[in-house]
Amino acid sequence: MIDKLNDPQRDAVTLPAQHALVLAGAGSGKTRVLTTRMAWLIQTSQVSPLGILAVTFTNKAAREMVARVSAILPIDTRGLWIGTFHGLCNRMLRAHHRDAGLPQAFQILDTADQLAAIKRLLKANGVDDDKYPPRDVQRFINGAKEDGQRPGDVEAYDSFRRRLIEIYTLYEAQCQREGVVDFPELLLRAYELLSRHAPIREHYQRRFKHILVDEFQDTNTLQYKWLTLLAGGGAHLFAVGDDDQSIYAFRGANVGNMADFERDYAHGTVIRLEQNYRSFGHILDSANALISHNTGRLGKNLWTEQGEGEQIRVVEQPTDLLEAQWLVEEVRGLISDGRDRSQIAILYRSNAQSRVIEHALFSSGVPYKVYGGLRFFERQEIKHALAYLRLMANLDDDTSWMRVVNFPPRGIGARTLELLGDQSKAYDTSLSAAVARVPGKGGSNLAQFSSLIQRLADETRSLPLPELVEHVIEQSGLVGHYQLDREGADRIENLRELITAAAAFVAESDMGGLPAGEVVQTAGAQEPMQEGFDGLSPLMAFLSHAALEAGDNQAQAGQDAVQLMTVHAAKGLEFDAVFITGIEEGLFPHENSILEQAGLEEERRLMYVAITRARERLYFSLAQSRMLHGQTRYAMRSRFLSEVPEEHLKWLTPKQGLSDSEPRWKSSGAGFDPYARQGSVKRAPAVSQSASYGVTVGNQHFRVGQGVRHGRFGEGTIFGLSGSGLDAQAQIQFRDVGAKTLALGVAKLDIIQG
DNA sequence: TCCAGGCCCGTTTTT
DNA sequence: CGGGCCTGGA
C-alpha cells in the first residue's frame, strides 16, 4: 500500500495520530495521500472505518475518495462519513432534526430557489428592491451565515444595514415557516446543533478519531469553526491543501485558515508534497517563477524528474478573432499529429471569451465541449417537476408552490396570486393554507391546484420512486404542456431522464423496490446510513440528493471533443496540451481584481492553476484587441507574461510586436505547420499598427503602453483602451494613485512618451 | 396570458 | 454585442 509512495507522501500517510497540515502542490498525489492515509489507519487498526470523517467540497471528489479507499481495502462503504461539507451537515441535521429545530422533511433551497424566496419576501414586505436588490440581500445573508452570524450578531452601524438585518430576520422566519433550508444554513445549523447540544457534540467527538479535510485552502470561516468543534474531543485533524491554488476567496474561502491551522493545530507539523508527476520542467518552472511574485505564501517549490520538456509556446494576434482562428488551426494540427481531442483544453478567464472560440471551432467542424452552464437538476423543466414532488412532501414550501401553481397555465393570474399572498401574510400561514380565503374564480382555480397536489400524493403513495416520478410528470400536465410546445421535445426528454435518475438513485442507494413513501428503518442505528436515508422516504432522500448534487458539470475523460472551460473549472484536472487564452492586462488579471494586492494575487494563483494543468505542451495566447461589451478594446500583454522567465518561452509570433513585414503566423515546430498542408503561406488580414492600433481623440492619438500625465493624478501608463470618439475610455495605471478609468473626451491628458 | 421590444449590464462558482 | 429581465400593450 505504501511502498510505491515517495518519502514525503509516505511520511504523510504514516504520520502518528496527531494534527497535521499537508501542503500538496499541483499534481503531487494529493488524493492518493488522503485515501492511502485512510486505508492505512484502518488497516493498522488505529481506527475503524466508522471512526473516520473525510470532507471535501464537491461530490465528485467525495465519490472519488470513496472509490479509491474501497479499491485499496475491501470495506463496506455504506455508513462511511465521507462527503461534502453540505452533504455531511445535511446528514446530521436529518438525524437530529428535532434538536436542530427543523422538520424532518426539510427541503433544501439551491441558490436560485433562495433568490426566488428572497424576491417573494421583499415583495410581501414592501421593500424597495432598487435600494435592496435581491442579489445583494442574498449576498448579505449568505455572507453573514458563512461567518457564523445570525441577525443579532451582525453589526448594525447605519440605517441601511439595520434594514438589511431586519430583512435577514424576516427571511429566517419565512424559511422556518416553510420548512426550507438554504446552503449556508445547512452548515450554520449543523454548527449550532453541535455547539448547543453537548450530548450530540460529545457523541460525534467520541466517534470521529480522525478528521481529514481536502482542499483546505477553500474552507470558509464557518467550515473551520465546524471542524474545530468536531475535533474538540481529541480527534486528529489532517488537513490537505495548497495555498497557491486558493482561487475562491470571492465566495468566502479564507486562505488564512491554513496559516491559522498551522499555528493552532499542526504546531509546525507541515509536510510538503513538492514532487510533481504531471508536468515537464519548463512548465513547472514557469509556474514556480510566476507564483513567487506572491507574498505571504506558506512556501513550496514544485520539481519533477521528467526532464525539461518543451518551452511554452506564445502567440500574440491582432484581434480576438484571429486568436480564435489560430487556436483552431493549432488544435487541428495537434489532432492530426495524433493527439486525443479530449486531451486538449482551451482555458479562458471569463465565460464571455468562449463565444468567439466556439464559433471558430464550429465553423471548422472541430468537435468541442464547453463546461459550465446549466446542469441537469437546474434545468427549468426539471425544477418544475421537482417543485411538484416537493409540494407533495411539504405543502408549505411556498417557493415550489409559486413555481408551479400556474405552470402549466391553469388560469391563475397575478391578481389571484396577489390576493393569496395578502391572505397568507395576514394570517401568517403558507400560501397553500391561505387558498380557502381567496374568493371567486381565482379561489376555485387555486383549490383545484391544491387538490391536484393532494391527488398526486394519494395516487403515488405505494409506488416505487421511479414510477412515482413518472406519474407526477404525466399527471401534473408538464409532459402534455411540452408536447404542445414546438421546442418542447428536449424538455420532455429531460423529464424522462429524471425517471432514469430516480431509478439510478434507488439502485445506488440500495433501496430495492421499496414504495417511495415508505420510511427506511435501519435497526438500532443512531445515525443515518448515507445521504440521510434512515428515517426518510426514498422521495425525500431523492429530493435532498437533487438539491445537493445538481449534476456533473466538470469535464470527464473519454469525451472525444476538445475541452473548453474557465480556468476555475479546470482546477483539479489535467491535459496533455493546454491553451491559456486572453493573457492580457485587464482580462487576466481581470480589471476588477487589479486594484488591490489581494485581488491581484488571487489572479496570479489562478494563472498558476492554469499553467499547472498542462502535462506536455502549453500555449499562451493573447490578442491586442478584442470585442468586449460591444466595443473594441485594446490591451497590453499581461504582467503575468513577463513574470515567466524568457528561457521558458518560445514566441511563435514576434516578441517585439507585430509588423507588416513578417508573417503573423509561424509554425509551432514539432512537425506542425498550419499552412504546410494548404500549400501557401497565408497571412492574417493586415492590421496596420499605426493606423488602427489605438484611439484618436481630437488631435491626440492614444495607444496602449503610452505614458501620460494628468493634472490631478500625475503620471501613469495606459494599459487599456476602448470605444472611439466621445465614448473613448482609457484605463490608466497611475504611479501614485493606482488604476483609473478616464473618458478621453473629458480628461485632459498629456502624452509624455510612446 | 403572452409576447415583443426596450433596457440594463457585463469575472470567477460549488453546495 | 448579447443575454436576461421587466414592462406594457394586445
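Residues numbered from 1 in each chain as written. Chains lettered and ligands numbered in written order. Predicted model: local features only at pLDDT ≥ 70, side-chain atom pairs only at ≥ 80, totals over all residues. Heavy atoms only, no water.

Hey, could you go over the packing of helix α4 (residues 85-95) against helix α9 (residues 183-196) for me, with residue numbers and the actual values?
It is the contact of α4 with α9, at a shortest axis distance of 9 Å, that shows an interaxial angle of 55°. In terms of their interaxial angle, α4 and α9 are classed as oblique. Helix-helix and strand crossings are classified by hand; for α4 and α9 the assignment is left-handed. Two secondary-structure elements touch here, α4 through Phe 85, His 86, Cys 89, Asn 90, Met 92 and Leu 93 and α9 through Phe 183, Leu 186, Leu 187, Arg 189, Ala 190, Leu 193 and Leu 194. The residue makeup of the contact of α4 with α9, split by class, is 10 nonpolar, two polar and one charged. (Axes fitted to C-alpha atoms, helices over the stretch in contact; angles between N-to-C directions. Helix = DSSP H or I, 4+ residues; strand = E, 2+ residues; numbered from the N terminus. Parallel < 35°, antiparallel > 145°, perpendicular 65-115°, else oblique. Left-handed = near helix turned anticlockwise from the far one by under 90°. Contact = heavy atoms within 4.5 Å. Nonpolar A, V, L, I, M, F, W, Y, C, P; charged D, E, K, R; others polar.)

Can you lay out the protein's contact with DNA strand C for me, pointing to particular residues and giving the numbers?
What surrounds DNA strand C is the set Arg 355, His 629 and Gly 630. Sugar and phosphate atoms constitute 30% of the interface atoms of DNA strand C, taking the interface as everything within 4 Å of the protein. Interatomic distance of 3.3 Å between a side-chain N/O atom of Arg 355 and a phosphate oxygen of DNA strand C. (Near = heavy atom within 4 Å. Polar contact = N/O pair within 3.5 Å; in protein donor to acceptor, adjacent residues only side chain to side chain.)

Lay out the protein's contact with DNA strand B in plain terms, naming residues and giving numbers.
Around DNA strand B, a shell composed of 26 residues is seen, among which Thr 111, Arg 349, Asn 351, Asn 406 and Thr 566 lie nearest. Within the backbone of Asn 351, one N or O atom sits 2.6 Å away from a phosphate oxygen of DNA strand B. With respect to DNA strand B, the side chain of Asn 406 contributes an N or O atom lying 2.7 Å from a phosphate oxygen. Considering only residue class, the surface near DNA strand B consists of seven nonpolar, 16 polar and three charged.

Can you break down the packing of helix α2 (residues 30-43) against helix α3 (residues 59-72) residue by residue, with the values?
Packing of α2 against α3 brings their axes to within 9 Å, and their N-to-C directions diverge by 50°. Here α3 runs oblique to α2, going by the angle between their axes. Like other packed secondary-structure pairs, α2 and α3 cross with a definite hand, here right-handed. Mapping the contact onto sequence places Thr 31, Arg 32, Leu 34, Thr 35, Thr 36, Met 38 and Ala 39 in α2 and Glu 64, Met 65, Arg 68, Val 69 and Ile 72 in α3.

Can you lay out unusual backbone geometry for me, pointing to particular residues and giving the numbers?
Looking along the chain, the bond that leaves Phe 407 and enters Pro 408 is cis, with omega of 0°. Its location among the elements puts Pro 408 in the loop between α17 (398-404) and α18 (414-426). Going from Phe 588 to Pro 589, the amide bond is cis rather than trans, its omega being 10°. The phi angle at Glu 215 is positive, at roughly 50°, despite the residue not being glycine. Note that Glu 215 resides in the loop between β6 (210-213) and α11 (221-230). The class for Glu 215 is buried, based on a relative accessible area of 19%. (Buried < 20%, exposed > 50% of the residue type's maximum accessible area, 1.4 Å probe, protein only.)

How would you summarise the pairing of strand β9 (residues 312-319) if you had to cite specific residues and measurements?
When you tally the buried positions in β9, you get seven out of eight residues, the bulk of the element. Of the pairings in the sheet, the one linking β9 to strand β16 (residues 649-651) comprises three bridges and is parallel in character. Considered in β16, the bridge of Ile 312 is made with Leu 649. In this sheet, strand β14 (residues 614-628) lies alongside β9 in parallel orientation, the contact comprising six bridges. Within β14, the residue paired with Thr 319 across the bridge is Ser 625. (Pairing = 2+ DSSP bridges.)

Got a sec to walk through the pattern of salt bridges? Specific residues and values, please.
This structure, assessed with the given rule, holds 56 salt bridges. A salt bridge links Lys 145 to Asp 182, with the nearest nitrogen and oxygen atoms 2.7 Å apart. With Lys 145 in helix α7 (residues 134-146) and Asp 182 in strand β5 (residues 180-182), this pair connects stretches of sequence that are 37 residues apart. The exposure classification of Lys 145 matches that of Asp 182, with both residues buried. Among the ionic pairs, Arg 735 bridges to Glu 715, the shortest N-O distance being 3.5 Å. Of this pair, Arg 735 sits in the loop between β21 (729-734) and β22 (738-743) while Glu 715 sits in strand β20 (residues 714-722), placing them 20 residues apart in sequence. Among the residues examined, Arg 735 registers a relative accessible area of 62% and is labelled exposed. We classify Glu 715 as partly exposed; its relative accessible area is 29%. Several salt bridges share partner residues, and in doing so they unite Lys 145, Arg 150, Glu 172, Asp 182, Glu 185, Arg 189, Glu 192 and Arg 196 into one network. (Salt bridge = Lys/Arg side-chain N within 4 Å of Asp/Glu carboxyl O.)

I'd love a proper account of the packing of aromatic side chains, names of residues and values included.
Working definition: an aromatic ring pair is given by the centre-to-centre distance plus the angle between the planes. Taken as a whole and judged by the stated rule, the model has 22 aromatic pairs. Pairing Phe 713 with Phe 734 gives two aromatic rings, centres 5.3 Å apart and planes at 55°, and the pair type is tilted. Here the residue Phe 713 occupies a position in the loop between β19 (707-710) and β20, and Phe 734 occupies one in strand β21, the gap between them amounting to 21 residues. As far as burial versus exposure is concerned, Phe 713 and Phe 734 are alike and both buried. (Phe/Tyr/Trp six-rings, centres within 6.5 Å; stacked < 30°, edge-to-face > 60°.)

Account for the pairing of strand β13 (residues 575-580), with residues named and values stated.
Of all six residues making up β13, six are buried, and the element is well covered by its neighbours. With four bridges joining them, strand β10 (residues 344-348) and β13 adopt parallel strand pairing. The residue bridging Ile 346 from the neighbouring strand is Phe 579, located in β13. The pairing of β13 with β14 spans five bridges and is parallel. Note that in β14 the partner of Phe 579 across the bridge is Tyr 619.

Go over the confidence of the model for chain A, please, and point to the residues and values.
The predicted coordinates of low-pLDDT regions are not to be read in fine detail. On average, chain A scores 88 in pLDDT, and the residues at 70 or more come to 90%. Considering only residues more than four positions removed or in separate chains, one finds that residues 521-525, a stretch of pLDDT under 50, has four contacts. The low-confidence segment residues 528-532, where pLDDT is below 50, has 19 contacts with residues more than four positions distant or belonging to other chains. (pLDDT = per-residue confidence, 0-100.)

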